[in-house]
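# Summary of the model geometry
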There are 2 protein chains.
Amino acid sequence: MLSPTPRTTLRRSKERARTDREDLYAVLDAGLICHLGVVADGSPMVVPTGYGRIDDTLYLHGSTGSTSLRGTGEVCVTVTHVDGVVLARSVFHHSVNYRSAMIYGRPRLVEDDEERLAGLRAITEQLAPGQWSAARPPSRKELAATAVLALSLAEASVKIRQGPPVDEEEDYALPVWAGVLPLRSSWGAPEADPALIMDLDVPPHIASRTISIR
Amino acid sequence: MLSPTPRTTLRRSKERARTDREDLYAVLDAGLICHLGVVADGSPMVVPTGYGRIDDTLYLHGSTGSTSLRGTGEVCVTVTHVDGVVLARSVFHHSVNYRSAMIYGRPRLVEDDEERLAGLRAITEQLAPGQWSAARPPSRKELAATAVLALSLAEASVKIRQGPPVDEEEDYALPVWAGVLPLRSSWGAPEADPALIMDLDVPPHIASRTISIR
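Here is a short report on the structure shown in this document. Computed from a predicted model, the values in this text were never measured in an experiment. (Residues numbered from 1 in each chain as written. Chains lettered and ligands numbered in written order. Predicted model: local features only at pLDDT ≥ 70, side-chain atom pairs only at ≥ 80, totals over all residues. Heavy atoms only, no water.)

Before going further, it helps to spend a moment on the interface of chain A and chain B. The interface of chain A with chain B comprises 91 residues on the first partner and 91 residues on the second. Taking the shortest distance from any N to any O, the salt bridge between Asp193(B) and Arg89(A) comes out at 3.0 Å. Between chain A and chain B we count 25 residue pairs in polar contact (both at pLDDT 80 or more) in total. Within the residue set of the side of chain A that touches chain B, elements represented by two or more residues are strand 2 (34-40), strand 3 (43-49), strand 6 (75-87), strand 7 (95-105), helix 2 (113-127), helix 3 (131-134), strand 11 (179-187) and strand 12 (191-192) of chain A. No other element matches strand 11 of chain A, which puts nine residues into the side of chain A that touches chain B. (Contact = heavy atoms within 4.5 Å. Salt bridge = Lys/Arg side-chain N within 4 Å of Asp/Glu carboxyl O. Polar contact = N/O pair within 3.5 Å; in protein donor to acceptor, adjacent residues only side chain to side chain. Helix = DSSP H or I, 4+ residues; strand = E, 2+ residues; numbered from the N terminus.)

Here it is as structure tokens:
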């Protein structure tokens, strides 16, 4: 169960809230990027960035000089998948089918070398499974330039909307087509870097992704 | 030109910043949802939500009772498209090809009825082109329950990354495949609401979307 706090207890659309931790993991694990919200100089700032998950910890990284990760103040991390557009009989009930996770917390700057590597590995593998061992590992200098933050998944909520529109009772008689227009993501064929200096095959861990629908 | 302020002037990855207003419009017009960042009780909060654009104004809507739109404090609206995963020769240079727009500002609560309708129309048409005139228009009661906010695009920035990885000079000799794994979005076949009470064809403005790649 996700432990609800006042702000992760949804006041509206309660039927869309999930409380199962597996739902949270599923939404996070299916994502490529999150939107990280911070307060900078009193104003909200929302930046797209990579992330990775190990058990109940989300890892974020950034340059040690970046604005969004400069402090370790409170953050809100949101991961959203849009699954389709919900076309209702009335304008008012148009909607989106989606899966979304929100995590609130105060991230911890990771100082332990082993955890830093594990966090970076999780972030890399989230984006590109298999690449942590296929590519050159981070150098000491690269590691020094990278801040790794750990955010507990203790305060999180998941919202999922799926299925057809929900219209006003009297609108079901209207001669208006209603339903869902699904949105799909898929991988295209890998595009080799023109600067590849030798004739290398696309490795199986990359090639195999292109036959899977995200 | 986008007018840069200190916070829309990127300190890092300057080569990814665009200053052309057409780039901003293109990123916004291609999106379905944005991530809206607000400060609620001193903490950042990032919620996915719909939006629409008319000229240099972005429109947002919400329930008149929702947390995220309760005040008209400062917001940050971010729209991100992920176009692919950049697979580099080193872990450190893995990246994402993306197009992202960030808008900062203090939204204005729209009170004028005509502008409210225009804003709601823009939000509906952003998600579902053609549906504003195909579906039942909002009733007086529905309009009363909906807050419409207008956000100026005056303070905005666009960041775009495209193309192959950029690796360290000495890493180009490594026998590691490098390139881009493109990510594509496409519409699936429209799924009719099982509650449709008559045999209606999918209207052309919906059916025609499914042959276009987003």
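Bringing helix 2 (residues 113-127) of chain B into the picture now. All names here are of chain B. The end-to-end C-alpha distance of helix 2 is 22 Å, a good match for the 21 Å that 15 residues give at a rise of 1.5 Å each. Every buried residue of helix 2 is listed here: Glu115, Arg116, Gly119, Leu120, Ala122, Ile123, Thr124, Gln126 and Leu127. The N-cap residue of helix 2 is aspartate 112: its side-chain oxygen and the backbone nitrogen of glutamate 114 are 3.2 Å apart. (Expected span 1.5 Å × (residues − 1). Buried < 20%, exposed > 50% of the residue type's maximum accessible area, 1.4 Å probe, protein only.)

Now for unusual backbone geometry. The backbone of Asp41(A) shows a phi angle near 55°, a positive value even though the residue is not glycine. Inspection of the secondary structure assignment puts Asp41(A) in the loop between strand 2 and strand 3. Positive phi outside glycine occurs at Asp55(B), with the angle close to 50°. Here Asp55(B) lies in the loop between strand 4 (52-54) and strand 5 (57-63). Relative accessible area serves as the criterion here: at 59%, Asp55(B) is assigned to the exposed category.

The side chains of a regular strand alternate between both faces of the sheet. Within strand 11 of chain A, seven of the nine residues are buried, which leaves the element mostly enclosed by the surrounding structure. Where strand 6 of chain A lies against strand 11 of chain A, four bridges are found, and the strand directions are antiparallel. Among the inter-strand pairings, Val86(A) is bridged to a residue of strand 11 of chain A, identified as Val180(A). Across two bridges, the pairing between strand 11 of chain A and strand 12 (residues 191-192) of chain B is antiparallel. The partner of Val180(A) across the bridge, within strand 12 of chain B, is Glu191(B). When strand 11 of chain A meets strand 11 (residues 179-187) of chain B, the two strands line up antiparallel, connected through five bridges. Across the sheet, the residue bridging to Ser185(A) is Ser185(B), located in strand 11 of chain B. (Pairing = 2+ DSSP bridges.)

So, about the environment of Gln162(B). Residue and element names in this part refer to chain B. Structurally, glutamine 162 can be placed in the loop between strand 10 (155-161) and strand 11. Relative accessible area serves as the criterion here: at 56%, glutamine 162 is assigned to the exposed category. Spatially, the C-alpha atom of glutamine 162 lies 9.3 Å from that of valine 180, the residues being 18 residues apart in sequence.

The next thing to look at is the side chain of Asp167(A). Residue and element names in this part refer to chain A. One can find aspartate 167 in the loop between strand 10 (155-161) and strand 11. Engagement of the side chain of aspartate 167 in a polar contact is seen with the side chain of arginine 89, the distance being 2.7 Å. Non-local contacts of aspartate 167, meaning those with residues more than four positions away in its chain, are made with Ala88, Arg89, Ser90, His93 and Tyr172.

What follows concerns the relation of the copies chain A and chain B. The transform that puts chain A on chain B rotates by 180° and translates by 0.0 Å along the axis, for an RMSD of 0.0 Å. Taken together, the turn and the small shift mark the pair as related by a two-fold rotation axis. Judged by C-alpha distance, Ser185(A) is the residue of chain A that lies nearest the rotation axis, at 2.2 Å. Comparing contact sets, 100% of the residues at the interface of chain A also lie at the interface in chain B, consistent with an isologous, same-surface contact. (Least-squares fit on C-alpha atoms with pLDDT ≥ 70 in both.)

This paragraph deals with the sheet that holds strand 8 (residues 108-109) of chain A. Residue and element names in this part refer to chain A. One open sheet accounts for four strands, arranged 4-5-9-8; its pairing is antiparallel. Of all strands in the sheet, those bounded by a partner on one side alone are strand 4 (52-54) and strand 8. With two bridges connecting them, strand 8 and strand 9 (residues 146-152) associate as antiparallel partners. The partner of leucine 109 across the bridge, within strand 9, is leucine 149. Contacts from helix 2 reach strand 4, strand 5 (57-63), strand 8 and strand 9, with the element oriented near 125° to strand 4. (Axes fitted to C-alpha atoms, helices over the stretch in contact; angles between N-to-C directions.)

Let's shift gears to the nonpolar core. By size, the foremost hydrophobic cluster in this structure holds 55 residues, and its most contacted members are Leu28(A), Val77(A), Leu28(B) and Val77(B). The contact partners of Val77(B), leaving out residues within four places of it in the chain, are Cys34(B), His35(B), Leu36(B), Leu58(B), Leu60(B), Ala101(B), Met102(B), Ile103(B) and Leu151(B). Formed by 16 residues, the second largest nonpolar core is a distinct cluster that contains Trp177(A), Leu181(A), Leu183(A) and Leu127(B). (Core = buried A, V, L, I, M, F, W, Y, C linked by side-chain atoms within 4.5 Å.)

As for its placement among the helices and strands, Asp193(B) is situated in the loop between strand 12 and helix 5 (204-207). The class of Asp193(B) is buried, set by a relative accessible area of 5%. A distance of 3.0 Å separates the side chain of Asp193(B) from the side chain of Arg89(A), its partner in a polar contact. Leave out the neighbours within four places in its chain, and Asp193(B) touches Arg89(A), Pro164(A), Pro165(A), Tyr172(A), Ala178(A) and Gly179(A).

All names here are of chain A. Of all eleven residues in strand 7, ten are buried, a share of seventy percent or more. Both strand 6 and strand 7 contribute to a ladder of eleven bridges, which runs antiparallel. Residue pairing in the sheet places valine 75 in a bridge with glycine 105 of strand 7. The pairing of strand 7 with strand 10 spans seven bridges and is classified as antiparallel. If you follow methionine 102 over to strand 10, its bridge partner there is serine 157.

Read these as layout, nothing more, since geometry by itself doesn't imply function.
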